[in-house]
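Each chain, letter by letter, is given below.
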Amino acid sequence: GMEADRLEKLVGAAREAIRDKEMRLSGISVAGLVEPLGVEEVSWGYLGELESRVGRLDRLIAHADPITELLERRQAIQEKREMLRVEAQDPDRLFAKNGRHDPGKLLREEKMRK
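Residues numbered from 1 in each chain as written. Predicted model: local features only at pLDDT ≥ 70, side-chain atom pairs only at ≥ 80, totals over all residues. Heavy atoms only, no water.

Notes on the overall build of the chain
Heads up, the condition is: Helix and strand assignments follow DSSP, with helices taken as H or I runs no shorter than four residues and strands as E runs no shorter than two, numbered in order from the N terminus. Burial here depends on accessible area, computed with a 1.4 Å probe over protein chains only, as a share of the maximum for the residue type. Under 20% is buried, over 50% is exposed, and the range in between is partly exposed. When checking whether two residues touch, look at their non-hydrogen atoms; a contact exists if any pair is within 4.5 Å. Values of accessible area rely on a 1.4 Å probe in the Shrake-Rupley scheme; residue burial ignores everything except the protein chains shown.
Each helix and strand counted, the chain has three helices and zero strands in total. In the chain, the order of α-helices and β-strands from amino to carboxyl end is α-α-α. Buried residues in the chain amount to 18% of all 114 residues. Pairs at least 24 apart in sequence give 60% of the contacts found in the chain among residues at least 6 apart. Counting only carbon and sulfur atoms, one obtains 58% of the accessible surface of the chain, whose full area is about 9,000 Å².

Next up, the structure:
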């Protein structure tokens, strides 16, 4: 009846939320922290289990977000450093586009290295 339909929709929504949250955490190993999503008979008890799992995933995400942010920042810094390294190997870099010497370029480069 209507109650069963409502339960079915809630379980579907909870499973969808779990899939989305697990995707967000895919870069971080959650092995052992979150058990695989079993296919169980749809019941209010099962919905309760799914909802507590959503809560656990939310807590994991809250802990993982700052770490993920730091990792992304580190990656950006490494990419920038590599770009500067490649650029520093170009002997023409100290000259402006028009071929004239750019006195401020070396100073700007030194600041970027810090």
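Here the narrative resumes.
Some words on the packing of helix α1 (residues 2–24) against helix α2 (residues 44–88)
In plain terms, the rule: In this analysis an axis means a line fitted to C-alpha atoms, helices contributing only their contacting stretch, and an angle means the value between N-to-C directions, from 0 to 180 degrees. Any angle that falls under 35 degrees is termed roughly parallel, while one over 145 is termed roughly antiparallel, one within 65 to 115 roughly perpendicular, and all others oblique. For a crossing to be left-handed, the near helix must be turned anticlockwise from the far one by less than a right angle; the clockwise case is right-handed. Three categories are distinguished: nonpolar for Ala, Val, Leu, Ile, Met, Phe, Trp, Tyr, Cys and Pro, charged for Asp, Glu, Lys and Arg, and polar for the others, with Gly belonging to the last.
As a packed pair, α1 and α2 sit with axes 9 Å apart at the nearest point and diverge in direction by 25°. On the basis of the axis angle, α1 is roughly parallel to α2. With respect to the hand of their crossing, α1 and α2 are arranged in left-handed fashion. Side by side, α1 and α2 meet where Glu 3, Arg 6, Leu 7, Leu 10, Val 11, Ala 14, Arg 15, Ala 17, Ile 18, Lys 21, Glu 22 and Arg 24 of the first sit next to Trp 44, Tyr 46, Leu 47, Leu 50, Arg 53, Val 54, Leu 57, Asp 58, Ile 61 and Asp 65 of the second. Among the residues forming the contact of α1 with α2, the class breakdown is 13 nonpolar, no polar and nine charged.

Some remarks on the pattern of salt bridges
Rule in force here: Every case where a carboxyl oxygen of Asp or Glu lies within 4 Å of a side-chain nitrogen of Lys or Arg is listed as a salt bridge.
Tallying each qualifying case throughout the model produces six salt bridges. Here Arg 19 ties to Glu 16 by a salt bridge, and the two come within 3.1 Å at their closest N and O atoms. Of this pair, Arg 19 and Glu 16 both sit in helix α1, three residues apart, roughly one helical turn. Arg 85 serves as the salt-bridge partner of Glu 82, at 2.7 Å between the closest nitrogen and oxygen. Residue Glu 82 and its partner Arg 85 are both found in helix α2; the two are separated by three residues, about one turn of the helix.

Here we look at α2
Quick reminder: α-helices carry 3.6 residues per turn. Residues three or four places apart thus point the same way. Our working rule: The length a helix should cover is 1.5 Å for every residue beyond the first. Two axes are fitted around each residue, one to the seven residues ending there and one to the seven starting there, and the angle between them is reported as the bend at that residue.
With 45 residues, α2 should reach 66 Å at 1.5 Å per residue; the first-to-last C-alpha distance of 64 Å fits that figure. If you look at α2, its biggest bend is around 35°, right at Ala 64, and the proline Pro 66 turns up within four residues after that. All of the buried residues along α2 are Tyr 46, Leu 47, Leu 50, Arg 53, Val 54, Leu 57, Ile 61 and Ala 64. Residues of α2 that are buried in the fold lie against α1.

So, the confidence of the model for the chain
Just so we agree on the cut-off: Here pLDDT means the predictor's own confidence in every residue, given as a number from 0 to 100.
Of the residues in the chain, 78% have a pLDDT of 70 or more, and the chain-wide mean is 81. Put simply, helix α3 (residues 103–113) is where the chain has its lowest mean pLDDT, 72, and α1 is where it has its highest, 90.

Observations concerning the nonpolar core
Inclusion rule: Each nonpolar core is a collection of buried residues, namely Ala, Val, Leu, Ile, Met, Phe, Trp, Tyr and Cys, held together in the definition by side-chain atoms within 4.5 Å.
Counting 12 residues, the largest nonpolar core is built from Leu 7, Val 11, Ala 14, Ile 18, Leu 25, Tyr 46, Leu 47, Leu 50, Val 54, Leu 57, Ile 61 and Ala 64. Counting residues per element, the ones that place at least two in this core are α1 and α2. Per-element tally for this core: the top contributor is α2, with seven residues. When residues no more than four places from it in sequence are discounted, the contact partners of Val 54 are Ala 14, Ala 17, Ile 18 and Lys 21.

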